[in-house]
Every structure is written in C-alpha cells, then in structure tokens.
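Geometric and topological summary
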Amino acid sequence: MIGVYDSGFGGLGVLRHLRTALPKRDFCYLGDSGRAPYGGRDPHTLLDFGEQCVEQLFDEGCRVVVVACNTMSCIALRHLQQRYAGPGSDKRVLGVTIPGAEAAVRASRGHIGVIATARTVASGTYVEEIRKLGPHRVTQRATALLAPIVEEGWEDTDVARLAVKRYLDELLADGTIDTLLLGCTHYPMLEPAIAAAAPGLTLVDPAPYLAEQLVAWLVRHPAFDHEGAGVLRVLCTGDPLAFARHGARFLGEPLPVVVHVGEHTHAPLGQIVR
Ligand code: DGL
C-alpha cells in the first residue's frame, strides 16, 4: 500500500493521477484537514506535523509515502527522508518538488513563474530545484488567497477570477514568463481562471509527471510495494463528512468512507489549578 499525504483534500487531485497511472496498487491517503491550511505555518510546526502524518501512514502499513503537499515537500522532505528513509531503512518518503521542477523545465522556453503558498515561496525550494536543472529564470509569487478560495468551492466564481487576475497581472507584468508552475495542490482546480487571465501561458501541474515518476520508481524499487486490488483507504484529521464532500471534487469520484484520525498534540490540554 502506498501512502499519500497532504495538508487536506487538495492532494486527492494528485492521488487521482497516481491511481490512474497505477490502477492495481492500493493507496492510503491522509489529509491533515484538521490543521490545514499549511501554507502560512512556521517551519518547525510543519516538521512536527510532517513527522506525525508520515508515521501514521507507516503505522497503516505503507512503506512508501508520497508527500503530495507542495508546502510540506518544500519545507520538510529532506528532514523526513533523513529521519525515516536513511541507509538500511525499509521505508521511503518521496515528494512533489523535483517532479514539479522537472516538468516546468521541460515545458519552459526560459522563464518560469511559480505560484504557491507563502511558505513554499519563502522556502525557495522550487527556485533551487529548477536552478539545478538548467539556466531558466524563475519568478515566484505567493498567492495566499487561492487555496482558501478553492477550499470554499469557489473556483468557478468571479471571486476566483478576480483574485487570479490580480496575482497574475503583477507576476506577468514584464511579459517574459512563458510557463507557470502550479506549486500548490489546489491550483489545478483554477486552471480555467488562470488560462483566461493568462492566455498562451503553458500551465504545469506537477501531478501527472509525479505519477509517471512514481511508476518508474516502483519498477526500479519493486521491494517497496506490490500490486494489490486497487483499494483506497482515506483518513483525515478534520471532519470526515466534510472531507468526503469536498474531496470528491478533487478525486473526481466519490470517496470511500473517510476515517477520522486524531491530531497528535504534544501540548498538554486544559489548565493547571493551583
Ligand atoms: N496542500 C498545500 C500545498 O500544496 C496547499 C494548501 C495549504 O496551504 O495547506 O502547498
């Protein structure tokens, strides 16, 4: 069983591509919806959440975990790999940032725009990964309002179109960006609004490329997972009914029964009475 982890239900859009590419594999998806959004959180909190969620997926029996969340991949992937998937470990943690950077470089003629959460942009991870691959220019823009708009289910409204246009008018002002990397799990839902605001721009959703890469990775590493019956198990830390309702938009089909798992907290609750 392959684990897929995201801050909430946005990663179900990534899972849709993974399941299409690997229909016989079993997947366990964990959305940390009780603590989403991740995009404005500080790195230490994200490392903590990342450890808890990856451990949860290992406890479920996954030996490979795909971190579908861009924010978590940018901040914590290396840490999670060092902690859980070092030499001799029988587990692996894979992320979305290298596939995303590779897909953008493949598509671009020279200047890549990146839209993402504030934390992803501040990390500079996409800029760094793209720089390793070629001489492309990279310009980033934190687009903090976009994920919440999609979470509300407002991607096909004037609110979404205005927010997208405002961000892109600024980002694309000098007219040289040819490719836009959608650096957040929610943004593929905004593709019509983005395409309308920026006609002619090549839009890159990392998810299909990540799926291709995962297929190739499993061929190279057959010991980490095997074919199953195409079963999907879905866990979330927030309200499971709301998760199932919203998640279906991302997965493109109804979700199985969503199981609630507790958010771990290291802080004792309540007050001390003296
Ligand atoms: N899943 C997050 C990402 O891809 C977006 C939503 C959030 O801020 O939690 O960056």
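Residues numbered from 1 in each chain as written. Predicted model: local features only at pLDDT ≥ 70, side-chain atom pairs only at ≥ 80, totals over all residues. Heavy atoms only, no water.

Now for the overall build of the protein chain. Of the regular secondary structure elements, the protein chain holds 11 helices and 10 strands. Relative to the globule expectation of 19 Å for 274 residues, the C-alpha radius of gyration of the protein chain, 18 Å, shows essentially globular dimensions. Over its C-alpha atoms, taken along the principal directions, the protein chain stretches across nearly 55 × 55 × 40 Å. Across the 274 residues of the protein chain, 51% fall into the buried class. Considering only contacts within the protein chain whose residues lie at least 6 apart along the sequence, 76% involve residues at least 24 apart. (Helix = DSSP H or I, 4+ residues; strand = E, 2+ residues; numbered from the N terminus. Rg over C-alpha atoms; globule rule 2.2 N^0.38 Å. Buried < 20%, exposed > 50% of the residue type's maximum accessible area, 1.4 Å probe, protein only. Contact = heavy atoms within 4.5 Å.)

Looking at the largest pocket, its volume works out to about 530 Å³. Surrounding the largest pocket, 22 residues form its lining, Leu77, Gln81, Gly95, Thr97 and Ile98 being those nearest its centre. Take the lining of the largest pocket: its biggest share by element is 8 residues, from helix H3 (residues 70-84). Split into classes, the residues belonging to the lining of the largest pocket amount to 10 nonpolar, 7 polar and 5 charged. Of the voids in this model, the second largest pocket is the one considered here, and its volume is about 200 Å³. Lining the second largest pocket we find 20 residues, and of these Pro37, Tyr38, Gly39, Thr117 and Ala147 sit closest to its centre. Counting residues per element, the ones that place at least two in the lining of the second largest pocket are H3 and helix H7 (146-151). Looking at the lining of the second largest pocket element by element, the count peaks at 3 residues for H7. Split by residue class, the lining of the second largest pocket holds 9 nonpolar, 9 polar and 2 charged. (1 Å grid on protein atoms, 1.4 Å probe; cavity = no way out; pocket = protein on both sides within 12 Å on 5 of 7 lines; lining within 4 Å. Points joined across faces, edges and corners; volume = space filled by probe spheres on them. Nonpolar A, V, L, I, M, F, W, Y, C, P; charged D, E, K, R; others polar.)

On the basis of which strands lie adjacent, the open sheet formed by 6 strands has the order S4-S3-S1-S2-S9-S10 and parallel pairing. Sheet topology places strand S4 (92-95) and strand S10 (258-260) at the edges, where each strand pairs with a single neighbour. Strand-to-strand, the axes of this sheet are offset by a mean angle of 25°, without reference to chain direction. Note that strand S1 (residues 2-6) and strand S2 (residues 27-31) share 5 bridges and pair parallel. Paired with Gly3 across the two strands is Cys28, which belongs to S2. This element, helix H10 (residues 206-220), spans S1, strand S3 (64-67) and S4 of the sheet and lies at about 155° to S4. (Pairing = 2+ DSSP bridges. Axes fitted to C-alpha atoms, helices over the stretch in contact; angles between N-to-C directions.)

For the rest of this paragraph, the subject is the site of the ligand. As a structural note, the neighbourhood of the ligand is formed by Asp6, Ser7, Pro37, Tyr38, Gly39, Cys69, Asn70, Thr71, Thr117, Cys184, Thr185 and His186. Thr71 is positioned such that a nitrogen or oxygen atom in its side chain is 2.5 Å from an oxygen atom of the ligand. A distance of 2.9 Å is found between a nitrogen atom of the ligand and a side-chain nitrogen or oxygen belonging to Thr185. Protein chains shield 99% of the accessible area of the ligand, which is 290 Å² for the free molecule. Considering only residue class, the shell around the ligand consists of 4 nonpolar, 7 polar and 1 charged. (Near = heavy atom within 4 Å. Polar contact = N/O pair within 3.5 Å; in protein donor to acceptor, adjacent residues only side chain to side chain. Areas by Shrake-Rupley, 256 points an atom, 1.4 Å probe, with all protein chains shown as cover.)

One broad rule of soluble globular proteins: the nonpolar side chains tend to lie buried together. Counting residues in each nonpolar core, the largest one holds 66 residues, and the members touching the most others are Leu12, Leu18, Leu168 and Phe243. The leading source of residues in this core is H10, at 7 residues. Leaving out residues up to four positions away in the same chain, Leu168 has contacts with Ile115, Ala173, Leu180, Ile194, Ala197 and Ala198. Judged by nonpolar contacts, the second largest core, of 22 residues, contains Tyr5, Leu30, Tyr38 and Ala76. (Core = buried A, V, L, I, M, F, W, Y, C linked by side-chain atoms within 4.5 Å.)

On to unusual backbone geometry, then. Between Ala36 and the following residue, Pro37, the backbone shows a cis peptide bond with an omega angle of 0°. Here Pro37 shows up in the loop between S2 and helix H2 (43-59).

As for its position among the elements, Glu129 is in helix H6 (residues 125-133). The contact partners of Glu129, leaving out residues within four places of it in the chain, are Ile98 and Ala101.

Note on placement: Asn70 falls in helix H3. On the basis of relative accessibility, which here comes to 4%, the residue Asn70 falls in the buried class. Reaching out from Asn70, the side chain makes a polar contact with the side chain of Tyr126 at a distance of 2.6 Å. With residues near it in sequence (within four places) discarded, Asn70 still touches Val96, Thr120, Tyr126, Gly183, Cys184 and Thr185.

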